[in-house]
Amino acid sequence: MSTIMIVEDEISIGLELEELLNSNGYEVISGATTGLEAVSMARTHCPDLILMDIKLPGEMDGIVTARIIRQELGIPSVFLTGYGRSEFVERAKAADSLGYILKPLNDAQILATLEIAIDKSDKETSVQKAREKDALAMIKSAGEIESAEKRLLEKSESLKNLVEDIRILSSL
């Protein structure tokens, strides 16, 4: 099952989420209550997905934190928030989030959103790996083409030398 990191500054909500996820077979990493803690824990534990509160104490809110983690580590986030205003939704979209859950939390909604987010993340990872494999194959092909061109140039040079030798011999 997937590993999910919870970033929530309200301890009671964090514990409730941890219990819900554990009871549904997820491995849970919890304890981060600020953006800086979340980045550090994500670097250390590399979860599959992060359940991120938007409003966090400290210098970075959850959206900035999620963007940093996504860009640096490729780990996606699903946001938890009491804020449904469009500016938060737009910022969440810009952070490349895989979901947005409004508080008060609903267990069924959380689980369904996580399933979809994990599935989408897995598909993104598969596509990325396929692209990397294709890129490596293209690099290998380019190297083989370069090598073939080099051999053709060498043979061409040999043929030029042979033709020149024949001209010299025929003029004798």
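Please refer to the structure higher up on the page.
Residues numbered from 1 in each chain as written. Predicted model: local features only at pLDDT ≥ 70, side-chain atom pairs only at ≥ 80, totals over all residues. Heavy atoms only, no water.

Visitor: How do you make sense of the nonpolar core when you look at a structure like this?
Guide: With 21 residues, the main nonpolar core has Met5, Val7, Ile50, Met52, Ile69 and Phe79 as its most contacted residues. In terms of residue count, the dominant contributor to this core is helix H2 (residues 35-45) (four residues). Membership of the second largest hydrophobic core comes to 20 residues, among which are Ile4, Leu17, Leu51 and Val78. (Core = buried A, V, L, I, M, F, W, Y, C linked by side-chain atoms within 4.5 Å. Buried < 20%, exposed > 50% of the residue type's maximum accessible area, 1.4 Å probe, protein only. Helix = DSSP H or I, 4+ residues; strand = E, 2+ residues; numbered from the N terminus.)

Visitor: Help me out: how do you make sense of the pairing of strand E1 (residues 3-7) in this one?
Guide: Looking along a regular strand, one sees the side chains alternate between the two faces of the sheet. With respect to burial, E1 is a largely interior element, five of its five residues being buried. A two-sided burial pattern is seen for E1, the buried positions comprising Thr3, Met5 and Val7 on one face and Ile4 and Ile6 on the other. Between E1 and its parallel partner strand E2 (residues 27-32), the chain crosses via helix H1 (residues 11-23), and the hand of that crossover is right-handed. Looking at chain direction, E1 and strand E3 (residues 49-53) are connected through four bridges and run parallel. Residue pairing across strands places Ile6 opposite Leu51, the latter belonging to E3. (Right-handed = clockwise from strand over helix to strand, strands pointing away. Pairing = 2+ DSSP bridges.)

Visitor: Could you clarify how one ought to interpret the sheet that holds E2 in this entry?
Guide: Either a parallel or an antiparallel arrangement is found when strands of a sheet pair, and the pairing is made through backbone hydrogen bonds. A sheet is described by the order of its strands in space; here five strands give the open sequence E2-E1-E3-E4-E5, paired in parallel fashion. With partners counted over all chains shown, the strands left at the sheet margins are E2 and strand E5 (99-102), one partner each. Shown here is a sheet whose adjacent strand axes are inclined to one another by a mean of 20°, direction ignored. In this sheet, E2 lies alongside E1 in parallel orientation, the contact comprising four bridges. (Axes fitted to C-alpha atoms, helices over the stretch in contact; angles between N-to-C directions.)

Visitor: Quick question: what am I supposed to make of the side chain of Asp61 here?
Guide: Within the secondary structure, Asp61 is located in the loop between E3 and helix H3 (62-73). When its relative accessible area of 17% is taken as the criterion, Asp61 is described as buried. At a separation of 2.9 Å, a polar atom in the side chain of Asp61 contacts the side chain of Arg91. Beyond its immediate stretch of four places on either side in the chain, Asp61 contacts Ile54, Leu56 and Arg91. (Polar contact = N/O pair within 3.5 Å; in protein donor to acceptor, adjacent residues only side chain to side chain. Contact = heavy atoms within 4.5 Å.)

Purely spatial values, then, with no claim about function.
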